[in-house]
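Coordinates in review
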Amino acid sequence: MSLTKTILIGILSEHQKKGNPITYEQVDTAVKNLYGGWDDFDDSAVTFIKDAFANGNFEELYTVTRDNEKEVKKQLTDFNENYPDVLKTENVHSVIQNLRARQDKVQKRKPNKKRDDLER
């Protein structure tokens, strides 16, 4: 079951801003009433929700999550343009993981000016 993280965090952020925050207990009760529990949700989604409530800064988390989702969308669009007919619903998560791994590898290769300056 999927609900974009941005939508969820945006809702939590808006309620918090208006002084009517939603608690984890309310979300848990709603999930149990609507879906019979958390079993149909990705483990990563459940972890994300629990971590979001532990953090509590929904507005900042919303901004970071929205930016991350925009970046993933751009990466998938670029991938699909470069490799037409490869991206499918069944492999989208593995493609995203591979794109992130490649991006991490590139980031590690870039010189870190601050670190380099400290080492001198």
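Below or above, wherever it landed, is the structure these notes cover. All values reported here derive from a predicted model rather than from experimental measurement.

When helices and strands are tallied, the protein shows six helices and zero strands. Taken from the N to the C terminus, the helices and strands of the protein come in the order α-α-α-α-α-α. Restricting the contact set of the protein to residue pairs at least 6 apart, pairs at least 24 apart contribute 57%. For the protein, the accessible area works out to roughly 9,400 Å², and carbon and sulfur atoms hold 50% of it.

Okay, the pattern of salt bridges next. Summed over the entire model, instances satisfying the criterion amount to four salt bridges. For the salt bridge of lysine 32 with aspartate 28, the shortest nitrogen-to-oxygen distance reads 2.9 Å. Of the two residues, lysine 32 and aspartate 28 both sit in helix H2 (residues 24–35), four residues apart, roughly one turn of that helix. We classify lysine 32 as partly exposed; its relative accessible area is 46%. Look at aspartate 28 and you get buried, because its relative accessible area is 15%.

Let us look at the packing of helix H1 (residues 5–17) against helix H3 (residues 43–55). Relative to each other, H1 and H3 sit at 25°, their axes nearing to 12 Å. As the angle between them shows, H1 and H3 are arranged roughly parallel. For the element pair H1 and H3, the recorded crossing hand is right-handed. Residue-level inspection shows Lys5, Leu8, Ile9 and Leu12 of H1 in contact with H3, the latter providing Phe48, Ile49, Ala52 and Phe53.

Our focus in this paragraph is H1. End to end, H1 covers 18 Å across 13 residues, agreeing with the expected 18 Å (1.5 Å per residue, within 8%). Along H1, the residues that are buried comprise Thr6, Leu8, Ile9, Gly10, Leu12 and Ser13. Looking at the packing, one finds that the buried side of H1 touches H3 and helix H4 (58–82). Once H1 ends, the next one or two residues include glycine 19, with phi positive near 80°.

Take the nonpolar core next. Residues Ile9, Leu12, Val27, Trp38, Phe53 and Phe58 are the most contacted members of the largest nonpolar core, which totals 15 residues. Counting residues per element, the ones that place at least two in this core are H1, H2, H3 and H4. Per element, the largest residue contribution to this core is five residues, and it comes from H3. Apart from the residues within four sequence positions on either side, valine 27 is in contact with Ile22, Trp38 and Phe53. Counting six residues, the second-largest nonpolar core is a separate cluster that includes Val72, Phe79, Val95 and Ile96.

What the rule picks out here adds up to six aromatic pairs. Ring plane angle 40° and centroid distance 4.9 Å describe the contact between phenylalanine 79 and tyrosine 83, whose orientation is recorded as tilted. Counting every residue linked through ring pairs, the aromatic cluster contains Tyr24, Tyr35, Trp38, Phe41, Phe53 and Phe58. Here the basic side chain of lysine 5 rests over the ring of phenylalanine 48, its NZ or CZ set 4.8 Å away from the ring centre.

Definitions and cut-offs
Residues numbered from 1 in each chain as written. Predicted model: local features only at pLDDT ≥ 70, side-chain atom pairs only at ≥ 80, totals over all residues. Heavy atoms only, no water. Helix = DSSP H or I, 4+ residues; strand = E, 2+ residues; numbered from the N terminus. Contact = heavy atoms within 4.5 Å. Areas by Shrake-Rupley, 256 points an atom, 1.4 Å probe, with all protein chains shown as cover. Salt bridge = Lys/Arg side-chain N within 4 Å of Asp/Glu carboxyl O. Buried < 20%, exposed > 50% of the residue type's maximum accessible area, 1.4 Å probe, protein only. Axes fitted to C-alpha atoms, helices over the stretch in contact; angles between N-to-C directions. Parallel < 35°, antiparallel > 145°, perpendicular 65-115°, else oblique. Left-handed = near helix turned anticlockwise from the far one by under 90°. Expected span 1.5 Å × (residues − 1). Core = buried A, V, L, I, M, F, W, Y, C linked by side-chain atoms within 4.5 Å. Phe/Tyr/Trp six-rings, centres within 6.5 Å; stacked < 30°, edge-to-face > 60°. Lys NZ or Arg CZ within 6 Å of the ring centre and 35° of its normal.

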